[in-house]
Protein chains: 2
Amino acid sequence: MSERDGRVVVALDVGGTGMKCALIRPDGAVVHTERHPTGADRGAEAVVDTILTVADGLIDTARTAGLTPTALGIVVPGIVDQTRGVAVWSANIGFRDVPLRDLAADRLGLPTALGHDVRAGGLAEARLGAGRDCGHVLFVAIGTGIAAAHVVAAAAATGAHGAAGELGHILVRPGGPRCGCGRSGCLEAIASASAVARRYTALATGTTGNADTTPDGGAAGPTVVTAAEVAGRAAAGEELATRVWREAVEALADGLATAQALYDVQTIVLGGGLAQAGPGLFDPLRTALRERLTFHREPRLVPAALGDEAGCLGAALLALDQLEDS
Amino acid sequence: MSERDGRVVVALDVGGTGMKCALIRPDGAVVHTERHPTGADRGAEAVVDTILTVADGLIDTARTAGLTPTALGIVVPGIVDQTRGVAVWSANIGFRDVPLRDLAADRLGLPTALGHDVRAGGLAEARLGAGRDCGHVLFVAIGTGIAAAHVVAAAAATGAHGAAGELGHILVRPGGPRCGCGRSGCLEAIASASAVARRYTALATGTTGNADTTPDGGAAGPTVVTAAEVAGRAAAGEELATRVWREAVEALADGLATAQALYDVQTIVLGGGLAQAGPGLFDPLRTALRERLTFHREPRLVPAALGDEAGCLGAALLALDQLEDS
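Predicted, not measured: the structure shown is a model, and the values here were computed from it.

1. Concerning the overall build of chain A
For step 1, the next point in the chain: A count of helices and strands for chain A gives 10 helices and 13 strands.
For step 2, the next point in the chain: Over its C-alpha atoms chain A spans a radius of gyration of 21 Å, differing by no more than 12% from the 20 Å that the globule rule assigns to 326 residues.
For step 3, the next point in the chain: Principal-axis analysis of the C-alpha atoms places the extent of chain A at approximately 60 × 45 × 35 Å.
For step 4, the next point in the chain: For chain A, buried positions account for 56% of its 326 residues.
For step 5, the next point in the chain: Long-range pairs, those at least 24 residues apart, make up 62% of the contacts in chain A with a sequence separation of at least 6.
For step 6, the next point in the chain: Accessible surface, chain A: about 13,000 Å² in total, of which carbon and sulfur atoms supply 50%.
For step 7, the next point in the chain: Taking the average place of the 27 positive charges on the side chains of chain A and the average place of its 36 negative ones, the gap between the two points comes to 4 Å.

As structure tokens, then:
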């Protein structure tokens, strides 16, 4: 029993700039955390080496503390083939067809699971966070991009090629702003945190013709305004911010209404930076979503509960699931 | 063994105008079919009575032929709660919260499954038809309306409230034509067979100012033109038909691209009346879909294989699944 109590899984959530790492007990309790830079500019091979070195260090840390690491869970962004354990395509990290699961398992000698960061975050929110006991959950992460995880019966749908849940790349405004993916009018190009900041900046610049002066006369140039600041200015009644924020909320409501038509979930959990706008986002978004649903049941719309630990917790859950299945 | 060979399930696919009925062997072989009018104008209670009477008659027919009916499968359109066995909302039939499964099981004494017509059709196409051996299939039925079934590992997703897969009611043209559901710009309002016919008729009328003359001088008035005729005229190079058909194909490609972004399937199976346009639909649709997919894998796009028997076969599969589970 005491040995069992000392069991932990090693969890890594690898992002474009940094990796969040933790030792997590089977009950979800986080006993240790670390953060490391990803160093994606060094190329895929160097990033893989860093991941394995960091994981190795976490295993040592666990053992030194008298804990027993039983499994490893790694999550990355992009397209992830969870069944084969391959990071198929992660633009932020420069991964293309990296068999990360087997590389890690071979080097570290622990059963390893590889997953997708947002799907893992959704899994954690659905099992441990804001979507607990809901059965059918859609987790939507809104930050630099927009991605979603559809979780049914405590499992996140992966799709046939590891690319399910790309809510950021559904068409909501035909002929609209160009998206990073190459298409025009994607949800992400209008309602992501970076799109909100970019759109406000562009309009502010166009309006004043002076990129160094914000419309409210503040010192910060419009080129450095953040989505949170746009939300704040909208709440304060500033006209341009109100317009940009409203457009983002309406596009988001269109995207969520489409997701609800296809998935029919009980609860939508919103996470990522933009969700931190709180009632400034949730109140108008609930209203706009309700207006768009005709015969469909309205899902509960709630903020994420696990913050930026969701991905790491999800990585741990994937590792634990694998232990159970094996 | 001989008794086992004589086993059949009774299957009913209840639509707004008619019901397709069959006796089907466990291996999917159809041994008997019947069609009956639904008589939806008589009200929900009368329709339920007809369904039960028809099913009773099929049981008799089976026994008279020396067959053993082991289960009953009924599918209806609208919102269906398969778990509780309740037809929640079927506008075409006037059903609202009808506990059809238990009503049928009580009266007929057979284990009964209640399902959704398009999801059942998708199940049949995925297991026995054009989506065999594909793992992740999206079945899209395009007729009077547009609806879809997402089938993974040979099970169709139902959603939290029995309303998943409503592809017809996703936004593709903001501010576009009004949909029967009350919103504007739904896929169904542009790309369903009835929308294609309606749009062509409206434009033809507006163009000629004469509802009795078709633009090609034919005898049929534009008010009675069908989607199949629009497709035929487009293939023959008629300008207006080409435009209406292209608009429908492009809207459909937008809708399928959105579905692929969210579901990430291997194969999309197109059924319903519009899919019978053959290469006139599939060729331009494949091209338009390919143009819209950036980083996503392109799904195979194939015509349905089971025709209008798919719903009935799906009802039989649901009945058989229930027998296996019990």
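Now that the structure has been shown, the text picks up again.
2. Considering the relation of the copies chain B and chain A
For step 1, the next point in the chain: Rotating chain B by 180 degrees about the axis while translating it 0.0 Å along that axis superimposes it on chain A, leaving an RMSD of 0.0 Å. Interpreted geometrically, this transformation is the action of a two-fold axis. Rotation axis and chain B: the residue whose C-alpha lies nearest the axis is V172 of chain B, separated from it by 3.4 Å.
For step 2, the next point in the chain: Looking at the interface residues of chain B, 100% of them are also at the interface in chain A, so both copies use one shared face.

3. Comments concerning the sheet that holds strand β7 (residues 95-98) of chain B
Residue and element names in this part refer to chain B.
For step 1, the next point in the chain: Ordered by their spatial adjacency, 3 strands build an open sheet running β5-β6-β7, and the pairing between neighbours is antiparallel. Every interior strand has two partners, whereas the edge strands, β5 (79-81) and β7, have only one. Mean inter-strand twist for the sheet, computed between neighbouring axes without regard to direction, equals 15 degrees.
For step 2, the next point in the chain: Pairing of β5 with strand β6 (residues 86-90), which is carried by 3 bridges, proceeds in the antiparallel orientation. From the neighbouring strand, D81 faces β6, where its bridge partner is V86.

4. Section: the domain arrangement of chain A
All names here are of chain A.
For step 1, the next point in the chain: What the domain assignment reports for chain A is domain 1 (2-124 + 308-325) and domain 2 (133-304).
For step 2, the next point in the chain: Here the C-alpha centre of domain 2 lies 28 Å away from the C-alpha centre of domain 1.
For step 3, the next point in the chain: The partner domain 2 presents 16 residues to the 9 residues of domain 1 that form the contact.
For step 4, the next point in the chain: Both faces considered, domain 1 and domain 2 share a buried interface measuring about 910 Å² in area, 66% of it formed by carbon and sulfur atoms.
For step 5, the next point in the chain: The largest per-residue losses of area from domain 1 upon contact with domain 2 belong to V118, R119 and L123, which jointly make up 55% of the total buried on that side.
For step 6, the next point in the chain: Applying the counting rule to domain 1 against domain 2 returns 0 salt bridges.
For step 7, the next point in the chain: Among the elements that line the side of domain 1 that touches domain 2, the one with the most residues is helix α4 (residues 117-128), at 5 residues.
For step 8, the next point in the chain: When the residues that make up the side of domain 1 that touches domain 2 are grouped by side-chain class, the tally is 4 nonpolar, 4 polar and 1 charged.

5. Quick word on the packing of aromatic side chains
For any pair of aromatic rings, geometry is given as the distance between the ring centres together with the angle between the planes.
For step 1, the next point in the chain: Throughout the structure, instances matching the rule amount to 3 aromatic pairs over all chains.
For step 2, the next point in the chain: Centroid distance W89 of chain A to F295 of chain B: 5.8 Å. Interplanar angle 15 degrees. Geometry classified as stacked. Placement of W89 of chain A in strand β6 (residues 86-90) and of F295 of chain B in the loop between α9 (279-292) and β13 (300-303) is noted, with the two residues assigned to different chains.

6. Points about the pattern of salt bridges
Close approach of charged atoms allows side chains with opposite charge to pair.
For step 1, the next point in the chain: For the structure on display, the rule yields 26 salt bridges over all chains.
For step 2, the next point in the chain: Between D254 of chain A and R173 of chain A there is a salt bridge, with its nearest N and O atoms 2.8 Å apart. Of the two residues, D254 of chain A sits in helix α8 (residues 239-263) while R173 of chain A sits in the loop between β11 (155-156) and α5 (188-191), which places them 81 residues apart along the sequence.
For step 3, the next point in the chain: Take R173 of chain A: its relative accessible area is 23%, and that puts it in the partly exposed class.
For step 4, the next point in the chain: The salt bridge involving R290 of chain B is made with E298 of chain B; its shortest N-O contact spans 2.9 Å.
For step 5, the next point in the chain: Judged by its relative accessible area of 45%, R290 of chain B is partly exposed.
For step 6, the next point in the chain: Within this structure, R173, D254, E291 and R292 of chain A together with R183 of chain B form a network of salt bridges that share partners.

7. Observations regarding the interface of chain B and chain A
For step 1, the next point in the chain: Each partner contributes residues to the interface: chain B has 38 residues there, and chain A has 38 residues.
For step 2, the next point in the chain: Carbon and sulfur atoms make up 65% of the area that chain B and chain A hide from each other, which totals about 3,300 Å².
For step 3, the next point in the chain: One salt bridge in this structure joins D254 of chain B and R183 of chain A, with 3.5 Å as the shortest N-O distance.
For step 4, the next point in the chain: Elements with a minimum of two residues in the side of chain B that touches chain A: β6 and α8 (239-263) of chain B.
For step 5, the next point in the chain: When residues of the side of chain B that touches chain A are assigned to their parent elements, the largest contribution, 8 residues, is made by α8 of chain B.
For step 6, the next point in the chain: Along the lines of polarity and charge, the residues of the side of chain B that touches chain A split into 19 nonpolar, 12 polar and 7 charged.

What counts and how
Residues numbered from 1 in each chain as written. Chains lettered and ligands numbered in written order. Predicted model: local features only at pLDDT ≥ 70, side-chain atom pairs only at ≥ 80, totals over all residues. Heavy atoms only, no water. Helix = DSSP H or I, 4+ residues; strand = E, 2+ residues; numbered from the N terminus. Rg over C-alpha atoms; globule rule 2.2 N^0.38 Å. Buried < 20%, exposed > 50% of the residue type's maximum accessible area, 1.4 Å probe, protein only. Contact = heavy atoms within 4.5 Å. Areas by Shrake-Rupley, 256 points an atom, 1.4 Å probe, with all protein chains shown as cover. Lys, Arg positive; Asp, Glu negative; His and termini not counted. Charge placed at Lys NZ, Arg CZ, Asp CG, Glu CD. Least-squares fit on C-alpha atoms with pLDDT ≥ 70 in both. Pairing = 2+ DSSP bridges. Axes fitted to C-alpha atoms, helices over the stretch in contact; angles between N-to-C directions. Domains from an automatic or database assignment. Buried area = accessible area lost by both parts, 1.4 Å probe. Salt bridge = Lys/Arg side-chain N within 4 Å of Asp/Glu carboxyl O. Nonpolar A, V, L, I, M, F, W, Y, C, P; charged D, E, K, R; others polar. Phe/Tyr/Trp six-rings, centres within 6.5 Å; stacked < 30°, edge-to-face > 60°.

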